[in-house]
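A look at the structure
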Amino acid sequence: MHQGSGFLTTRQRRLAWLGFLLAAVQAPVSAKLVADSSWLFSLCVALMVATVIIADDAARRRPADARSSD
């Protein structure tokens, strides 16, 4: 049984991981250095990128012959 391909290319997937890691590291550093709550934006960006990575993983694990409506 063949696995399906995700909607991200290999390069996009690597960039998504890099973006996730940078945003996830920047959030606590910014929370420590900045008095306001602007660090929450970095946290939200990291969570959105993580959601895209998880969705791509789910698409890759779905068998290639499975319908998208299932």
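This text goes with the structure placed above it.
Residues numbered from 1 in each chain as written. Predicted model: local features only at pLDDT ≥ 70, side-chain atom pairs only at ≥ 80, totals over all residues. Heavy atoms only, no water.

**Considering the overall build of the protein**
Within the protein one finds 2 helices and 0 strands. Each of the 70 residues in the protein was classed as buried or not, and the buried ones make up 19%. (Helix = DSSP H or I, 4+ residues; strand = E, 2+ residues; numbered from the N terminus. Buried < 20%, exposed > 50% of the residue type's maximum accessible area, 1.4 Å probe, protein only.)

**Here we look at the pattern of salt bridges**
Per the stated rule, a full pass over the model turns up 3 salt bridges. Here D56 makes a salt bridge to R13, at a shortest N to O gap of 2.6 Å. Here R13 lies in helix α1 (residues 10-33) and D56 lies in helix α2 (residues 39-61), a separation of 43 residues in the sequence. Its relative accessible area of 0% is what places D56 among the buried residues. (Salt bridge = Lys/Arg side-chain N within 4 Å of Asp/Glu carboxyl O.)

**A short note on the side chain of S30**
By secondary structure assignment, the location of S30 is in helix α1. Judged by relative accessible area, which is 10%, S30 ranks as buried.

**Description of the packing of aromatic side chains**
Applying the stated criterion to the full structure yields 1 aromatic pair. Arranged with centres 6.0 Å apart and planes meeting at 85°, the rings of W17 and F20 form a pair that is edge-to-face. In this pair, W17 and F20 both sit in helix α1, 3 residues apart, roughly one turn of the helix. You can call F20 partly exposed: its relative accessible area is 22%. (Phe/Tyr/Trp six-rings, centres within 6.5 Å; stacked < 30°, edge-to-face > 60°.)

**Points about a nonpolar patch on the surface**
A grouping of V25, V29, L33 and V34 is seen on the molecular surface, where their side chains present a nonpolar patch of about 370 Å² in accessible area. Relative to the helices and strands, V25 resides in helix α1. (Patch = residues over 30% accessible without salt bridge, like charges linked within 9 Å, V, L, I, M, F, W, Y side chains within 5 Å. Areas by Shrake-Rupley, 256 points an atom, 1.4 Å probe, with all protein chains shown as cover.)

**With respect to the environment of R13**
Of the residues examined, R13 reaches a relative accessible area of 18% and is grouped as buried. Beyond its immediate chain neighbours, meaning those up to four positions away, R13 contacts L8, I53, D56, D57 and R60. (Contact = heavy atoms within 4.5 Å.)

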